[in-house]
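Chain and residue survey
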Amino acid sequence: MTTRARSRSRATATATATATVTVTWPEANARRLARQHLHGLASSAPSPAEAVGAMLGAHAQVLSAAELSVGLRGEGLTRTDVRTALWTDRTLVKTFGPRGTVHLLPAADLPLWTGALRTVPTGPNPFPKDARMTPEQVEEVVAAIGEALTGAELTIDELSDAIVARTGPWAGDLVMPGFQTMWPRWRQVLHLAGHRGVLAYAPNRGRKAAYTNPGYTPLPGPEATAALLERYLYAYGPATPAHFAQWLAAPKRWAAELFASLADSGAIEEVAFEDAGPAWVVAGDTDFPADPVRGVRLLPYFDAFAIASHPRERLFPGRAFERALGGGQAGNYPMLLVDGTVAGVWHQRRSGKRIAVTVEPLEPLSAARLRALEAEVERVAAIMEGSAELTVGPVSVGPHA
């Protein structure tokens, strides 16, 4: 793969500088796919932890989707390899990541993630007045979570009992709606405990989730947020403060101030990014592939590439914007990529070892692309340790099915 190099003086890399580098959408998309291990040849196959680090976390609300996301970025990786990294080798951690959602994160990066996430400003309290906790109660519950989980693995019910015993009955009041039942008050800060570094998932006990204290000390906030922004720009740049804010579920003003600070220090630089206008990359990171992306790929629900890549209108062109975005939220549907952009949706239904895969292209596929799709379906089956049967036709189920 050839590259086209660009450079500019770092002395002018400020928040108000005029960009002298222009990046096209095909160039940006090709580099993102390559750095995600989704396109091009790598010098070596990434481990599960390296793959997760490259994508900046694998969304793991549905663990099987995360396993597939990771497997698709490796060579010969299977869901067993991901589970071994998570529960045996502990090179991966399942915890609350960006947007307060469950992610797989590299264990080595947990100090950075927790240091950064704990500094992200939160919005207005979304809970009813009679369900809220005071700032003092929040701190009391987070401390109780850390104490209860140190050296222990507790189910959610055991953890609840331990928190109430350490804080008081108010923490156990059933005031939080959740999955056709009511949860205790303290549950509203579960993700915050993850962001503080005192809670992560342990292996399930039967069908019940379990938690532990991973024992990592967060990095200082300014150092961590700067490092996270640079990693984000390396993986998904060029990007704007609004893109970063959306990915992190952070206030746009806070993101803009962070970008300006790093631009003033010379850590990041501005480029002109086609339809998006002014955008940013890590300083000096201005080499982009000249060759366009070719090939057929399948990505699962909430794959990090789709969630973090902007502009959405370019990744989801034409009919894909309505069919695959699911109300504007990237990730609701598994996606078919053709030549690097979304060109359809797909669905899998598993029964034992058999995996029935239905792929709905938005435009007819050529014979060569059909063969490539068959090979990709076989790869999905190998990662998920099953045997796949492909049907090309309409996907009748809705998002998250």
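Source: prediction; values computed, not measured. (Residues numbered from 1 in each chain as written. Predicted model: local features only at pLDDT ≥ 70, side-chain atom pairs only at ≥ 80, totals over all residues. Heavy atoms only, no water.)

**As for the overall build of the protein**
Counting secondary structure elements, the protein contains 15 helices and 18 strands. Relative to the globule expectation of 21 Å for 401 residues, the C-alpha radius of gyration of the protein, 22 Å, shows essentially globular dimensions. Expressed along its principal axes, the backbone C-alpha trace of the protein runs to roughly 65 × 60 × 40 Å. Burial statistics for the protein: of 401 residues in total, 53% are counted as buried. Within the protein, counting contacts between residues at least 6 apart in sequence, those at least 24 apart form 65% of the total. As displayed, the protein offers around 17,600 Å² of accessible surface, 53% of which is attributable to carbon and sulfur atoms. Charged side chains in the protein number 39 positive and 39 negative. The centres of these two groups are separated by 3 Å. (Helix = DSSP H or I, 4+ residues; strand = E, 2+ residues; numbered from the N terminus. Rg over C-alpha atoms; globule rule 2.2 N^0.38 Å. Buried < 20%, exposed > 50% of the residue type's maximum accessible area, 1.4 Å probe, protein only. Contact = heavy atoms within 4.5 Å. Areas by Shrake-Rupley, 256 points an atom, 1.4 Å probe, with all protein chains shown as cover. Lys, Arg positive; Asp, Glu negative; His and termini not counted. Charge placed at Lys NZ, Arg CZ, Asp CG, Glu CD.)

**A word on the confidence of the model for the protein**
Looking at the protein, pLDDT values average 92 and 94% of them are 70 or higher. Across residues 1-17, where pLDDT falls below 50, the model places 49 contacts with residues more than four positions away in sequence or in other chains. (pLDDT = per-residue confidence, 0-100.)

**So, empty space enclosed by the protein**
By rolling a water-sized probe across the atoms, one finds the places where empty space is left. With the rule as written, the count across this model stands at one cavity of 30 Å³ or more. In terms of lining residues, the largest cavity is bounded by Met55, Leu56, Gly57, Ala58, His59, Arg99, His103, Trp247, Ala304 and Ile307. Those elements that provide at least two residues to the lining of the largest cavity are strand S3 (58-59) and helix H12 (304-308). Taken together, the residues of the lining of the largest cavity sort by class into six nonpolar, three polar and one charged. (1 Å grid on protein atoms, 1.4 Å probe; cavity = no way out; pocket = protein on both sides within 12 Å on 5 of 7 lines; lining within 4 Å. Points joined across faces, edges and corners; volume = space filled by probe spheres on them. Nonpolar A, V, L, I, M, F, W, Y, C, P; charged D, E, K, R; others polar.)

**Notes on the nonpolar core**
Tyr232, Phe244 and Trp247 are the most contacted members of the largest nonpolar core, which has 80 residues in total. The element contributing the most residues to this core is helix H9 (residues 221-236), with eight residues. Beyond its immediate stretch of four places on either side in the chain, Phe244 contacts Leu229, Tyr232, Trp254, Ala255, Leu258 and Phe259. Counting residues in hydrophobic clusters, the runner-up holds 47 residues, among them Leu33, Leu68, Val293 and Leu365. (Core = buried A, V, L, I, M, F, W, Y, C linked by side-chain atoms within 4.5 Å.)

**A few points about the packing of helix H3 (residues 63-71) against helix H4 (residues 79-88)**
At their nearest, the axes of H3 and H4 sit 9 Å apart, and the two run at 105 degrees to each other. The pairing of H3 with H4 is recorded here as roughly perpendicular in orientation. On the side of H3, the interface is formed by Leu63, Glu67 and Val70, while H4 contributes Arg79, Val82, Arg83 and Leu86. Among the residues making up the contact of H3 with H4, the classes are represented as four nonpolar, no polar and three charged. (Axes fitted to C-alpha atoms, helices over the stretch in contact; angles between N-to-C directions. Parallel < 35°, antiparallel > 145°, perpendicular 65-115°, else oblique.)

**A few points about the pattern of salt bridges**
Per the stated rule, a full pass over the model turns up 18 salt bridges. Asp303 serves as the salt-bridge partner of Arg73, at 2.8 Å between the closest nitrogen and oxygen. Taken as a pair, Arg73 in the loop between H3 and H4 and Asp303 in the loop between strand S14 (296-299) and H12 lie far apart in primary sequence, 230 residues in all. The partner of Arg297 in a salt bridge is Glu376, with the nearest N and O atoms 3.2 Å apart. One end of the pair, Arg297, is in strand S14; the other, Glu376, is in helix H15 (residues 367-383), and 79 residues separate them in sequence. Here Arg297 and Glu376 have matching classes, each one buried. One connected set of salt bridges, linked through shared partners, spans Arg31, Arg35 and Asp285. (Salt bridge = Lys/Arg side-chain N within 4 Å of Asp/Glu carboxyl O.)

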